[in-house]
Amino acid sequence: DGTVIYVGKAKDLFHRVNSYFQLKSFEDSEYGAKIRKLIETAADLEFIIMNTEKEAFILENELIKKHYPRFNSDLKDDRYYPSIVIHTDETYPRVSVIQSPKYYDPKKTYYGPYTNIGMMRKTLRLLRTLFPFCSCPSPVPDKVAKRACLNYQLKQCPGPCTKKVTPEQYAANIEAIKSILGGK
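Residues numbered from 1 in each chain as written. Predicted model: local features only at pLDDT ≥ 70, side-chain atom pairs only at ≥ 80, totals over all residues. Heavy atoms only, no water.

Undergrad: It is not clear to me how the packing of aromatic side chains should be interpreted in this structure. Could you clarify?
TA: Given two aromatic rings, one states the distance between the centres and the angle between the planes to describe the pair. Going through the model one piece at a time under the given rule, you end up with one aromatic pair. Considering the side-chain rings of Tyr92 and Tyr170, the 5.5 Å spacing of their centres and the 70 degrees angle between planes classify their relative orientation as edge-to-face. Here Tyr92 is found in the loop between strand E1 (82-86) and strand E2 (95-99), whereas its partner Tyr170 is found in helix H6 (residues 167-181), with 78 residues between them in sequence. Take Tyr92 and Tyr170: they sit in the same class, and that class is buried. Over the ring of Phe133 we find Arg128, and its NZ or CZ is 4.5 Å from the ring centre. (Phe/Tyr/Trp six-rings, centres within 6.5 Å; stacked < 30°, edge-to-face > 60°. Helix = DSSP H or I, 4+ residues; strand = E, 2+ residues; numbered from the N terminus. Buried < 20%, exposed > 50% of the residue type's maximum accessible area, 1.4 Å probe, protein only. Lys NZ or Arg CZ within 6 Å of the ring centre and 35° of its normal.)

Undergrad: Help me understand the environment of Asp12 in this model?
TA: Note on placement: Asp12 falls in the segment before helix H1 (13-19). Looking at Asp12, its side chain comes within polar contact range of the side chain of His15, at 3.3 Å. (Polar contact = N/O pair within 3.5 Å; in protein donor to acceptor, adjacent residues only side chain to side chain.)

Undergrad: Please clarify how the sheet that holds strand E3 (residues 109-111) should be interpreted in this entry.
TA: Hydrogen bonds along the backbone pair up the strands of a sheet, which may run parallel or antiparallel. As summarised here, the arrangement of the three strands in space is E2-E1-E3, forming an open sheet in which the pairing is antiparallel. Because the sheet does not close on itself, it has two edges, and the strands there are E2 and E3. Here the average twist between neighbouring strands, direction ignored, is 30 degrees. Across three bridges, the pairing between E1 and E3 is antiparallel. Looking at E3, one finds that Ile84 is bridged to Tyr111. In this fold H6 packs onto E1, E2 and E3, with an angle of close to 150 degrees to the strand it touches most, E1. (Pairing = 2+ DSSP bridges. Axes fitted to C-alpha atoms, helices over the stretch in contact; angles between N-to-C directions. Contact = heavy atoms within 4.5 Å.)

Undergrad: Where do I start with the pattern of salt bridges in this structure?
TA: Here the idea is simple: oppositely charged side chains can pair when their charged atoms come close. Under the definition given, this model contains four salt bridges. Salt-bridge contacts for Arg94 lead to Glu90; the nearest nitrogen and oxygen are separated by 2.6 Å. In this structure, Lys108 engages Asp105 in a salt bridge whose closest nitrogen and oxygen atoms are separated by 3.3 Å. Taking relative accessible area as the criterion, Lys108 reaches 22% and is therefore assigned partly exposed. When its relative accessible area of 25% is taken as the criterion, Asp105 is described as partly exposed. (Salt bridge = Lys/Arg side-chain N within 4 Å of Asp/Glu carboxyl O.)

Undergrad: Help me out: how do you make sense of helix H3 (residues 53-67) in this one?
TA: Along an α-helix, residues three or four positions apart point the same way, because every turn accommodates 3.6 residues. With 15 residues, H3 ought to run about 21 Å at 1.5 Å a step, and its terminal C-alpha atoms sit 21 Å apart, in line with that. Among all positions of H3, only Ala56, Ile58, Glu60, Asn61, Glu62, Ile64 and Lys65 are buried. One or two positions beyond H3, positive phi appears at Tyr68, with a value near 45 degrees. (Expected span 1.5 Å × (residues − 1).)

Undergrad: Can you walk me through helix H4 (residues 117-130) in this structure?
TA: The end-to-end C-alpha distance of H4, which contains 14 residues, comes to 20 Å, matching closely the 20 Å that a straight helix rising 1.5 Å per residue would cover. Within H4, burial applies to Met120, Leu124, Leu127 and Arg128. Around the axis of H4, the buried residues are gathered within 100 degrees of arc, so they sit on the same side. Set apart from the buried face of H4 by more than 90 degrees, the exposed residues are Arg125, Thr129 and Leu130. In this fold, the buried residues of H4 make contact with E1, E2, helix H5 (150-153) and H6. Among the residues of H4, the N-terminal cap falls to Asn116, whose side-chain oxygen and the backbone nitrogen of Gly118 are separated by 3.3 Å. (Arc of directions from axis to C-beta.)

Undergrad: Sorry, what's going on with the nonpolar core here?
TA: Side chains of nonpolar character tend, in soluble globular proteins, to be buried together. With 18 residues, the main nonpolar core has Ile84, Val95, Phe133, Tyr170, Ile174 and Ile177 as its most contacted residues. Of all the secondary-structure elements, those providing two or more residues to this core are E1, H4 and H6. Broken down by element, the residue count for this core peaks at four residues, all from H6. When near neighbours in sequence (up to four residues on either side) are disregarded, Phe133 contacts Val95, Leu124, Leu127, Arg128, Gln156, Cys157, Pro158, Tyr170, Ile174 and Ile177. (Core = buried A, V, L, I, M, F, W, Y, C linked by side-chain atoms within 4.5 Å.)

Undergrad: What is the right way to read the side chain of Asn173 from this model?
TA: In this structure, Asn173 sits in helix H6. Among all residues touching Asn173, those that are not within four sequence positions of it are Phe131 and Pro132.

Limitation: the analysis is restricted to geometry and does not speak to function.
Right, here's the structure in full:
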C-alpha cells in the first residue's frame, strides 16, 4: 500500500538484497522469521544513490526517524543530527538549532542535518556577527519590551523585541542568512 516497511543502506545493492534470500539468513529463528516476514510483505523496492557513505548514513537515519519502518525496530542508534531552522512564519523570524524534527513544518525553513555540530555552531556564531538575528526561545511579542535582551547589548541581535529594527530591515538579514546557508 506504499508504506515504507524497511530502510537500509548498502555499498552494493545486489549483494545486500541477495543476502536476504540466502539459507544462512534463516538459520537464526528470531532473525530468520523477521526476514521471511519482510520478504513476504515487500511489494516494491526503491533506492536512492548517494555520493558518499556518510551521506547515505545520514539519509538512512533521517528516513528511519521519519517513517518508523516496521522492520527497522532494532535500530539501536538513537542519535540525531541537528538542523538549523528559521521560523519564517513569524514577523521577526528566529533562528534556532533543533534535533532532527519528527515532522517538518512547511512554514519554517530547515537547513541540515549537520554531522559536524561544532562547525555548525561556529558558522552560526559567524553569521550572527555579520547578520544579527533573534534566537529567543519564543516569538517576539507584539508589545514593546521595556529592555532589550543581552544579545542586543552584545550586538548579536538587532532588538526586534524593543522595535529598534523594522521588519523589513530584519528580513534583509534573514535573507542573507538563508542565502549563505543555502550555499550561495
